[in-house]
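A structural walkthrough
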Amino acid sequence: MIRGAAGLALLVCARVAAADVEASSDAAFHSALRAGDVDALERVGAARPVTRWTDDAWLEAARLAARTNDYARAQRDLEQAIAVSTDELLVRRARAELARLTSVAGTASEWTAVAAAHQRLVPALDAGGDPRATLRQLEQLVRANPKYPRSSTVMIAIAGAWEREGEGTTAVAWLREARTAAVEPLERLRAHAELIRTLIRTQDLDGAEAELAALETPRSLIADLRAKLDRAEWRRTVRWGLWGVLAAVALLAVVMLRRSAGSWAAAGKRLLRPPNETIYLIPIAVVLVVVAYTGNPLVARAVRTIVIAGIAASWISGAILGTARITLRRALVHAAAAMIAVASVTYIAVDDGHLIDFLIETWRAGHERG
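Keep in mind the model is a prediction, meaning the values are calculated, not measured.

Per the secondary structure count, the chain includes 17 helices and zero strands. Taken over 370 residues, the chain has a buried fraction of 38%. Summed over all atoms, the accessible surface of the chain reaches about 21300 Å², with 61% contributed by carbon and sulfur.

Here it is in structure tokens:
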């Protein structure tokens, strides 16, 4: 009976001690996690006996180390989590993260420095300002490290930035290189799909058709790209139609100017001197264009084209009206012709390079990603 009582007492003490260890580990884990202290989390993971927080501590330490681009440390912490954990879900998560980090930094962390530069430079492309210096650094990075496992990902980012800068040909060249450099089939597929999208946006529809024909799977992606290509071909037809409208409006303007002036010589003299309303408009237009060029080059080119069209419509309309008596009918005809011309030019300018798609994406995702 004495032995039984002693055993029971030992069992109670062991349970109390275990509860104390669990409580202490719980407090240490959450304190380290709140502080974002990798060293403290690793101490919790290394402490013995093993508690319910041991594997979590190693996993969170790895996450924080990866966030600071210390991939070698993150890999070691993930290996510790896998070794001590009995939670199948946590082990699967740790293995998946370890595989991801290995693809980034290499099996022996040989790509750690390159991956850190990659993670630092790519977000800087969307930080605002002129991205060309950052682009040159990224280009140098992939050129100097052709075997970097994620070089294709970097090339896709480079291509996207060059396209936003209005350099469609350069973007397409980088995407072709990204497809060739891709190691994983999914990464190759991503580069190929982005190449097709960029060819569509840069209006190389024949090139996009050829690349789409070479894409065999998956069917859902092919269907999506086919829809984009069909829409681009429809837009091209619309642009041709609008160019025809502009030609008709220009011809009408020439005829009306000749009739209003009385002779070709008089018509030429009227065009030499801008109307008063155009003189007032020009400084405002210059400011708009200058401000536009401080931002996205694609947007700036569209603004420039629209502004030039507006000035031209104002100038020609003023030359046609001249000193003639303006009737309501005549004013309405001039206003309608000018509006049609400016609206046509606006569509053509905004559709150039598929700026419409960028505007829609910016509207949906926010200006930070536009």
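On the surface, Ile282, Val286 and Val290 cluster together into a nonpolar patch covering about 230 Å² of accessible area. Along the chain, Ile282 turns up in helix 14 (residues 276-292).

Let us look at the environment of Ser344. As for its placement among the helices and strands, Ser344 is situated in helix 16 (residues 328-351). Taking C-alpha positions, Ser344 is 9.6 Å from Ile306, a pair spaced 38 residues apart along the chain. The contact partners of Ser344, leaving out residues within four places of it in the chain, are Leu242, Val245 and Leu246. From its side chain, Ser344 meets the backbone oxygen of Ile340 in a polar contact 2.8 Å long.

A word on the packing of aromatic side chains. Under the defined criterion, the tally for this structure stands at two aromatic pairs. On the basis of an interplanar angle of 20° and a centroid distance of 5.1 Å, the ring pair of Phe29 and Trp53 is categorised as stacked. With a gap of 24 residues between them, Phe29 in helix 1 (residues 2-35) and Trp53 in the loop between helix 2 (38-46) and helix 3 (54-67) connect regions that are remote in the sequence.

Relative to the assigned elements, Thr278 resides in helix 14. Thr278 gets classed as buried once you look at its relative accessible area, which sits at 0%. Non-local contacts of Thr278, meaning those with residues more than four positions away in its chain, are made with Ile311, Ser314 and Trp315.

Applying the stated criterion to the full structure yields 19 salt bridges. Between Glu42 and Arg73 there is a salt bridge whose closest N-O contact spans 2.8 Å. In this pair, Glu42 is assigned in helix 2 and Arg73 in helix 4 (residues 71-84), connecting sequence segments 31 residues apart. Side by side, Glu42 and Arg73 carry an identical accessibility label, which is buried. Across the pair Arg201 and Glu194 runs a salt bridge, and its minimum N-O distance is 3.0 Å. Connected through shared salt-bridge partners, Glu163, Glu194, Arg197 and Arg201 make up one network.

With an omega of 10°, the peptide bond between Arg48 and Pro49 qualifies as cis. Take Pro49: it is sitting in the loop between helix 2 and helix 3. Positive phi is not limited to glycine here, since Gln203 has a value of about 70°. Along the polypeptide, Gln203 turns up in the loop between helix 10 (185-201) and helix 11 (205-214).

On to the environment of Glu177, then. Structurally, the position occupied by Glu177 is in helix 9 (residues 168-181). Exposure remark for Glu177: the relative accessible area of 28% places this residue in the partly exposed category. Considered as a pair, Glu177 and Ala191 are 14 residues apart in the sequence and their alpha carbons are 8.9 Å apart. Ignoring sequence-local partners within four residues, the contact set of Glu177 consists of Arg143 and Met155.

Here helix 12 (residues 219-261) is 43 residues long and its end C-alpha atoms lie 63 Å apart, about the 63 Å a rise of 1.5 Å per residue gives. Once helix 12 ends, the next one or two residues include Gly262, with phi positive near 95°.

Topologically, Thr134 is positioned in helix 7 (residues 132-144). When its relative accessible area of 13% is taken as the criterion, Thr134 is described as buried.

Okay, the confidence of the model for the chain next. Predicted confidence across the chain gives a mean pLDDT of 83, with 89% of residues reaching 70 or more. Helix 9 holds the highest mean pLDDT among the elements of the chain, 94, whereas helix 1 holds the lowest, 63. Every residue in residues 4-18 is under pLDDT 50, and counting partners more than four places away or in other chains gives zero contacts.

Looking now at the environment of His334. Turning to its location among the elements, His334 is positioned in helix 16. Judged by its relative accessible area of 8%, His334 is buried. Separated by 13 residues in sequence, His334 and Leu321 have C-alpha atoms that sit 8.8 Å apart. Ignoring sequence-local partners within four residues, the contact set of His334 consists of Met256, Ser317, Ile320 and Leu321.

With that settled, the discussion passes to the packing of helix 15 (residues 297-321) against helix 16. Where helix 15 contacts helix 16, the two axes come as close as 9 Å, and the packing angle between them is 160°. Considering the angle they form, helix 15 stands roughly antiparallel to helix 16. Considering only the axes of helix 15 and helix 16, their crossing is right-handed. Residues Ala302, Thr305, Ile306, Ala309, Gly310, Ala313, Ser317, Ile320 and Leu321 of helix 15 lie in contact with helix 16, whose contacting residues are Arg330, His334, Ala338, Val342, Val345, Thr346, Ala349 and Val350. Grouping the constituent residues of the contact of helix 15 with helix 16 by class yields 11 nonpolar, five polar and one charged.

Basis of the calculations
- Residues numbered from 1 in each chain as written.
- Predicted model: local features only at pLDDT ≥ 70, side-chain atom pairs only at ≥ 80, totals over all residues.
- Heavy atoms only, no water.
- Helix = DSSP H or I, 4+ residues; strand = E, 2+ residues; numbered from the N terminus.
- Buried < 20%, exposed > 50% of the residue type's maximum accessible area, 1.4 Å probe, protein only.
- Areas by Shrake-Rupley, 256 points an atom, 1.4 Å probe, with all protein chains shown as cover.
- Patch = residues over 30% accessible without salt bridge, like charges linked within 9 Å, V, L, I, M, F, W, Y side chains within 5 Å.
- Salt bridge = Lys/Arg side-chain N within 4 Å of Asp/Glu carboxyl O.
- Contact = heavy atoms within 4.5 Å.
- Polar contact = N/O pair within 3.5 Å; in protein donor to acceptor, adjacent residues only side chain to side chain.
- Phe/Tyr/Trp six-rings, centres within 6.5 Å; stacked < 30°, edge-to-face > 60°.
- Expected span 1.5 Å × (residues − 1).
- pLDDT = per-residue confidence, 0-100.
- Axes fitted to C-alpha atoms, helices over the stretch in contact; angles between N-to-C directions.
- Parallel < 35°, antiparallel > 145°, perpendicular 65-115°, else oblique.
- Left-handed = near helix turned anticlockwise from the far one by under 90°.
- Nonpolar A, V, L, I, M, F, W, Y, C, P; charged D, E, K, R; others polar.

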